[in-house]
Every structure is written in structure tokens, then in C-alpha cells.
Protein chains: 2
Amino acid sequence: MAQKQPDPPRPTDAELEILTVLWSRGRSTVRDVHDAIALRKPTQYTTVLKTLQIMAEKGLVRRDEEQRAHIYEASRPREWTQSQLAADLLQRAFSGSAKSLLLGALSAHKVSREELAELRKFLEEYEKGTR
Amino acid sequence: MAQKQPDPPRPTDAELEILTVLWSRGRSTVRDVHDAIALRKPTQYTTVLKTLQIMAEKGLVRRDEEQRAHIYEASRPREWTQSQLAADLLQRAFSGSAKSLLLGALSAHKVSREELAELRKFLEEYEKGTR
DNA sequence: ACATTACTACGATGGCATTCGTATGTCAAG
DNA sequence: CTTGACATACGAATGCCATCGTAGTAATGT
């Protein structure tokens, strides 16, 4: 019987950055992750390593130790974690009002007309789906 | 000439909770804030006091020391801070995709049919506004 | 006048996040 | 075999967050 793993805690800023790399690259070595992150921000290799080790303890990532260079992967899919984060902020800062959240996002971060239309379409579809 | 205050940093969890009280109550004493928070969560008075003092240092709140019981108020309106937080999460976790953010929020936090309709209306209006 | 209550200030603690340096082990090239 | 490149492990420094206890002081009630 498959054991249900407990929900990992909310990732911190540095952890989220690493998760982003793992989500887009898939299974990766520490070096892979470090290289990707070092492009945008000077970072020591061991810093990434240590953070990944901690993330493994927390259950945010899984580690495959078969090879000498261990291989890491996110233990939860991107969508799941994003959902957690969105719901968390929704509660903490918006008292559960999805409308306020959307308003806040739109007013600070200008989105293109195209994305706006997409957004509306998505919402219409979603509304149909729950009818 | 009015000095432009620097943007206060992103509020922490405890700080956000206090800000929420200040936004809904307006100018408040430490006691007011404490009473409001203690309803949902056992908290020492001095914990709230200390946090408010730190928030004042950071510029998250303003303090009026005229009376013996100092009076605090949020230095930024709710909408402004919410915007910051939404935009921050949008960047950090959603690579700027407002659609993903909305999808995440909706999939974790079930919203009523009414709110969904409201949301759609709001989006339509917003779209008109930027045309 | 004295005791009680209400307030601020502040130090201290424990925990976590982030970062880095160093130690140590493995492997392959010369 | 020795060296250099590359890997993990891990201790430690630093700083912030959240919390609380204590001290000191002003106001209030008896």
C-alpha cells in the first residue's frame, strides 16, 4: 500500500528558486541546478548543495543516490505547489477573496491584452466546468 | 517638499496579521490590536507590542506618541500592500503568468458560484477599461 | 498615600534561512 | 601512484522572526 507522504512545508524564497529550476529541467544534479541559478545570481556551489540537502529532509525534493552525483527532483508537481502558495496568500493577505487577489496582481503587474483575453476565456471555461 | 518614503519591505506572517487588523480597524492602540488578534490565537500583549515597534522601525506602520497609549496605523493602504504581495508571488512562483496564479488560487480554494461570476464580471470590466 | 492596573521599552531566547568554508572521499588522467 | 577535478557532508556564522519575561513608569481607584 502506498504510503501517503505528509505535505511538505511552504518553500522559502531560495527553495522556490531551486524548485523552479527542477520543474523546468526535470531530474537534475546539484551542478545542473547551480549552473542554472548562477546565471542570474552569483551563488556558491555548496550553497545550492546544502539547500537541496535541507529540502530533501523537508520532503520538498526526492534524491536518487545511485550515481556519485546525486540526482534531485521536485517531490510535488509545479501545479500542486503553486496551488498551495496561491491559496496560502489568498488566505493570509486577501481574506479568501479571489477577486482582490486578481485585482492586486493585475494592478501591480501589467499584463498584455492577449493574456487578459486568455484569462477571461479561462474563467469562462472554468465557470462552465463547475456548473 | 514631501519626502518620498522608501518602500517598506514585504511584511512577514505576523506582521501581515497585524496589518490586517489595522486596515480593518483604522488607527488603533496596541491593546486594540492585541484584543483583535487574541480572539483567534492566544498571544501575549507584549508580543504584539514588540512586533508593532519593529514594524514602525521598518516603516510598515506609523506611530502617534501623543497619548500615553501610542496609536498605530498602517503606513500603506491595504490595496497597495496587497498589490505588492500579489505581484511578488506572481514573479517568484508563477513566472509572471497571471493565468497560472488564478488557476492555482481557484483549484486550491473553492470559490462560490457567485464569486466566480463576480470575478468574471470584474475581468470583463477591467478589459474594457484598458482597451 | 498606597496599591493596582495599564502602558512602553528592552533584553533574551529558540528556531529557521541563507550562506560559506573546510574536510573528506572518489575517480580518472598522466 | 600521485595529482587534480569534482562530488558529498557538515559545522559554523549571521541575521531575521516570533515570542516572552521583566523592569520601569504613568494613571487610576480606594
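All of the points below concern the structure found in this document.

Definitions and limits used
Residues numbered from 1 in each chain as written. Chains lettered and ligands numbered in written order. Predicted model: local features only at pLDDT ≥ 70, side-chain atom pairs only at ≥ 80, totals over all residues. Heavy atoms only, no water. Near = heavy atom within 4 Å. Polar contact = N/O pair within 3.5 Å; in protein donor to acceptor, adjacent residues only side chain to side chain. Nonpolar A, V, L, I, M, F, W, Y, C, P; charged D, E, K, R; others polar. Pairing = 2+ DSSP bridges. Helix = DSSP H or I, 4+ residues; strand = E, 2+ residues; numbered from the N terminus. Core = buried A, V, L, I, M, F, W, Y, C linked by side-chain atoms within 4.5 Å. Buried < 20%, exposed > 50% of the residue type's maximum accessible area, 1.4 Å probe, protein only.

1. Details of the protein's contact with DNA strand D
Then step 1. Around DNA strand D, 22 residues are found, and the nearest of them are Arg31, Tyr45, Gln53 and Arg63 of chain A together with Thr12 of chain B.
Then step 2. A distance of 3.4 Å separates a base oxygen of DNA strand D from a polar atom in the side chain of threonine 46 of chain B.
Then step 3. When the residues that make up the surface near DNA strand D are grouped by side-chain class, the tally is 5 nonpolar, 8 polar and 9 charged.

2. Let's talk about the pairing of strand β2 (residues 61–64) of chain A
Residue and element names in this part refer to chain A.
Then step 1. Direction of pairing for β2 relative to strand β3 (residues 71–74): antiparallel, over a ladder of 4 bridges. Looking at β3, one finds that valine 61 is bridged to alanine 74.
Then step 2. Linking β2 to β3, which pair antiparallel, is a turn of 6 residues.

3. Some remarks on the nonpolar core
Then step 1. With 48 residues, the main nonpolar core has Leu52 of chain A together with Leu52 of chain B as its most contacted residues.
Then step 2. Judged by nonpolar contacts, the second largest core, of 18 residues, contains Ala98 and Leu119 of chain A together with Val111 and Tyr126 of chain B.

4. Re the protein's contact with DNA strand C
Then step 1. Near DNA strand C, the surroundings consist of 23 residues, among which Thr12 and Arg68 of chain A together with Arg31, Tyr45 and Arg63 of chain B are the closest.
Then step 2. Take the atoms of DNA strand C that sit within 4 Å of the protein: sugar and phosphate atoms are 63% of them.
Then step 3. With respect to DNA strand C, the side chain of threonine 12 of chain A contributes an N or O atom lying 2.4 Å from a phosphate oxygen.
Then step 4. Taking arginine 63 of chain B, its side chain carries an N or O atom lying 2.9 Å from a phosphate oxygen of DNA strand C.

So far we have only geometry, and geometry alone does not tell us how the molecule works.
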